[in-house]
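# Examination of the molecular architecture
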Amino acid sequence: MTRILITHADIITLDAAGTILRNADVAIDGERIVAVGQAPAGFQPDATLDARNHVLLPGFVNAHTHAPMTFERGWAEDLPLDRWFNERVWVVESQLTDEDVYWGAMLAAAEMIRGGTVAFGDHYFYMDRVAEAAEQAGLRALLAWCVFGEENNIGADLPRTVDFVQRWQGTAGGRIRTILGPHSPYMCEPRFLARSAAVAARLGVGIHIHLAESQQQVDNSLAKHDRSPVELLEANGVFDVPTIAAHCIYVNAIDQAILASRGVTVVQCPNCHMKLGMGVTPVPALLAQGVNVALGTDGTASSNDLNMLKEARLAALIQKLHHADPEAMPGDLPLRMATQNGARALGWPDSGAIVPGMLADLILLDCDRPHWRPRYDLVANLLHSAQAGDVSHVMVAGRWLMQDRRLVTLDEERILWEAERRALALVGQELAIVRKYQG
Ligand SMILES: [Zn+2]
């Protein structure tokens, strides 16, 4: 067990009271924080970090992404959702190999660590390789192998994803968790959704799914099933297991009440929603009803980066603009969505606050830079002035993944080379449409 003492840090604790500490210490023993403020008497650290001129806070949790899609960064620009899927994203994925997934995920891992992310909720294909990447990077991950239905899948059908869930559950010292990943109510038949829910219940795991991304999806669902997408999931038992639902943009009052009463976590992806012109998740209304709302980047084919600091900032700005109300999403609320709300959704309720007893999943940002001065309000500086490149240190479970901007666990040079080479080779092949998005 390694004992680490971090001294002289300015700390955004994100505890229940929103406490900010100046020039304070954090003591870490093994994977947990044991003291905040002052080290306990007799605490003998194996290593000490002087964090003067650094802000320390819980690491970011990217609650909805498709990490390996880094190879599609810049591949699907300025297109509406149907053409984005049909002409670009699902076309290149026709040639996807597990090796592409691995290097895409490794590139994502390097980017996530550099931006201060400590955990991610991933939804993609060939997920054994994403698990390998998360294990090697030292990140926490909740992994779902995406399936579309009984056929036309990539790499695995539902029974094979069950094997994946069992193979990786609780591995990497508990850093990797698994869950089922039916794609969405618009791609999966109701019978398949019900089957997925039953299988998840039997396995004792949850479901990570896309939900209510466009008005057209709602209209089609009503025409086909006489139910909104939310009602369709409810009727097919999906919400009987813990559910993470990405997007939830087009959810009316009835839908919102269902999400609240069934304890569904909603993941807003503001960068993606803005870039694809999708709309605005009614976050203030959902929060008022007690819904756990987290933040995600979605894949880099839509958001182009895995920058959770930017998502937190956009989560504040998009609601202020949408409601023409500068008081919307005040204070540290966007930071809580970007950290502890995501940690809770991914299965680590004991992560996301700098409090004794919590997991030592934390980051430091170098605030000895022009855009950080003056430092009246550290939360405002962090949310509205900081840059992802200010992140200097990242710790997960008491282990440094980045120190002084140096990646500890990953060979970044090799990752950049492999990822770029494979991405160019992938899109250079003969590509075919594998399935069709109809909303
Ligand atoms: Zn997504």
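Above this text is the structure in question.
Residues numbered from 1 in each chain as written. Predicted model: local features only at pLDDT ≥ 70, side-chain atom pairs only at ≥ 80, totals over all residues. Heavy atoms only, no water.

## So, the overall build of the protein
Secondary structure assignment for the protein yields 15 helices and 17 strands. Relative to the compact-globule value of 22 Å for 439 residues, the protein shows a C-alpha radius of gyration of 21 Å, a close match. Seen through its C-alpha atoms, the protein measures out along the principal axes to roughly 65 × 45 × 40 Å. For the protein, buried positions account for 60% of its 439 residues. Here the analysis covers contacts within the protein between residues at least 6 apart in sequence; of these, 72% occur between residues at least 24 apart. Of the accessible surface of the protein, which amounts to about 16,400 Å², a share of 49% is contributed by carbon and sulfur atoms. A distance of 2 Å separates the average location of the 37 positive side-chain charges in the protein from that of its 52 negative side-chain charges. (Helix = DSSP H or I, 4+ residues; strand = E, 2+ residues; numbered from the N terminus. Rg over C-alpha atoms; globule rule 2.2 N^0.38 Å. Buried < 20%, exposed > 50% of the residue type's maximum accessible area, 1.4 Å probe, protein only. Contact = heavy atoms within 4.5 Å. Areas by Shrake-Rupley, 256 points an atom, 1.4 Å probe, with all protein chains shown as cover. Lys, Arg positive; Asp, Glu negative; His and termini not counted. Charge placed at Lys NZ, Arg CZ, Asp CG, Glu CD.)

## Re the coordination of the zinc ion
In the first shell of the zinc ion, the protein supplies His64 (NE2), His66 (NE2), His210 (NE2) and Asp298 (OD), at 2.1 to 2.4 Å from the metal. Given four donor atoms and angles of 79 to 172 degrees at the metal, the environment of the zinc ion is assigned as irregular. (Donors = N, O, S within 2.8 Å, 3.2 Å for Na, K, Ca; no water. Tetrahedral: all angles 85-135°; square planar, octahedral: opposite > 155°, others 65-115°.)

## Thoughts on unusual backbone geometry
Of note, the bond from Arg373 into Pro374 is cis; its omega dihedral lies within 30 degrees of zero at -5 degrees. By the element assignment, Pro374 lies in the loop between strand 14 (362–366) and helix 14 (378–384). Residues other than glycine seldom take positive phi values, yet Asp226 does so here, at roughly 55 degrees. Turning to its location among the elements, Asp226 is positioned in the loop between helix 6 (215–225) and helix 7 (229–235). Take Asp226: its relative accessible area is 67%, and that puts it in the exposed class. Phi angles above zero are rare outside glycine, and Ala397 is one such case at about 50 degrees. Inspection of the secondary structure puts Ala397 in the loop between strand 15 (391–396) and strand 16 (399–403).

## Describing the pairing of strand 9 (residues 176–182)
Taking burial as the measure, the seven residues of strand 9 include six buried ones, the bulk of the element. The sheet contact formed by strand 8 (residues 140–147) and strand 9 spans seven bridges and is parallel. By the bridge assignment, Leu143 is partnered in strand 9 with Thr178. As a crossover connection, the stretch from strand 8 through helix 4 (residues 158–168) into strand 9 is right-handed. (Pairing = 2+ DSSP bridges. Right-handed = clockwise from strand over helix to strand, strands pointing away.)

## Regarding the pattern of salt bridges
Here the structure, examined in full by the defined rule, presents 25 salt bridges. Arg373 is the partner of Asp368 in a salt bridge, and the nearest nitrogen-oxygen pair spans 2.5 Å. The partly exposed category is assigned to Arg373, whose relative accessible area is 42%. Via salt bridges that share partners, Asp98, Glu99, Arg129 and Glu132 belong to a single interconnected network. (Salt bridge = Lys/Arg side-chain N within 4 Å of Asp/Glu carboxyl O.)

## Notes on the packing of helix 3 (residues 127–137) against helix 4
Contact geometry for helix 3 and helix 4: axes closest at 10 Å, N-to-C directions at 20 degrees. Taken together, the axis directions place helix 3 and helix 4 in an arrangement best described as roughly parallel. In this structure, helix 3 crosses over helix 4, and the sense of that crossing is right-handed. On helix 4, the residues that touch Met127, Asp128, Ala131, Glu132 and Glu135 of helix 3 are Phe164, Arg167 and Trp168. Broken down by class, the residue content of the contact of helix 3 with helix 4 amounts to four nonpolar, no polar and four charged. (Axes fitted to C-alpha atoms, helices over the stretch in contact; angles between N-to-C directions. Parallel < 35°, antiparallel > 145°, perpendicular 65-115°, else oblique. Left-handed = near helix turned anticlockwise from the far one by under 90°. Nonpolar A, V, L, I, M, F, W, Y, C, P; charged D, E, K, R; others polar.)

## Looking at the packing of helix 2 (residues 98–114) against helix 3
Two elements in contact, helix 2 and helix 3, have axes whose closest approach is 8 Å; the angle formed by their N-to-C orientations is 35 degrees. The hand of the helix 2/helix 3 crossing is right-handed. Facing helix 2, whose interface residues are Asp98, Glu99, Val101, Tyr102, Ala105, Met106, Ala109 and Ile113, helix 3 presents Arg129, Val130, Glu132, Ala133, Gln136 and Ala137. For the contact of helix 2 with helix 3, the class distribution of residues is nine nonpolar, one polar and four charged.

## Considering the packing of aromatic side chains
In the structure shown here, the tally under the stated rule is ten aromatic pairs. Arranged with centres 5.9 Å apart and planes meeting at 75 degrees, the rings of Trp145 and Phe164 form a pair that is edge-to-face. You can see Trp145 sitting in strand 8 and its partner Phe164 sitting in helix 4, a full 19 residues away along the chain. Above the face of the Trp75 ring, Arg88 is positioned so that its terminal group lies 3.7 Å from the ring centre. (Phe/Tyr/Trp six-rings, centres within 6.5 Å; stacked < 30°, edge-to-face > 60°. Lys NZ or Arg CZ within 6 Å of the ring centre and 35° of its normal.)

## Points about the nonpolar core
If you look at the biggest cluster of nonpolar residues, it comprises 140 residues, and the most contacted ones within it are Trp84 and Leu259. For this core, the element with the highest residue contribution is helix 2, accounting for eleven residues. Those residues in contact with Trp84 that lie beyond four places of it in its chain are Met69, Ala76, Leu79, Val89, Leu276, Ala301 and Ser302. Counting 17 residues, the second largest nonpolar core, distinct from the first, contains Ala9, Ile28, Leu49 and Ile354. (Core = buried A, V, L, I, M, F, W, Y, C linked by side-chain atoms within 4.5 Å.)

## Remarks on the side chain of Ser303
Structurally, the position occupied by Ser303 is in the loop between strand 13 (293–295) and helix 11 (308–322). Overall, the relative accessible area of 2% leaves Ser303 in the buried class. Side-chain polar atoms of Ser303 contact the backbone oxygen of Thr297, separated by 2.9 Å. Among residues more than four places away in sequence, those in contact with Ser303 are Asn271, Cys272, Thr297, Asp298, Lys310 and Glu311. (Polar contact = N/O pair within 3.5 Å; in protein donor to acceptor, adjacent residues only side chain to side chain.)

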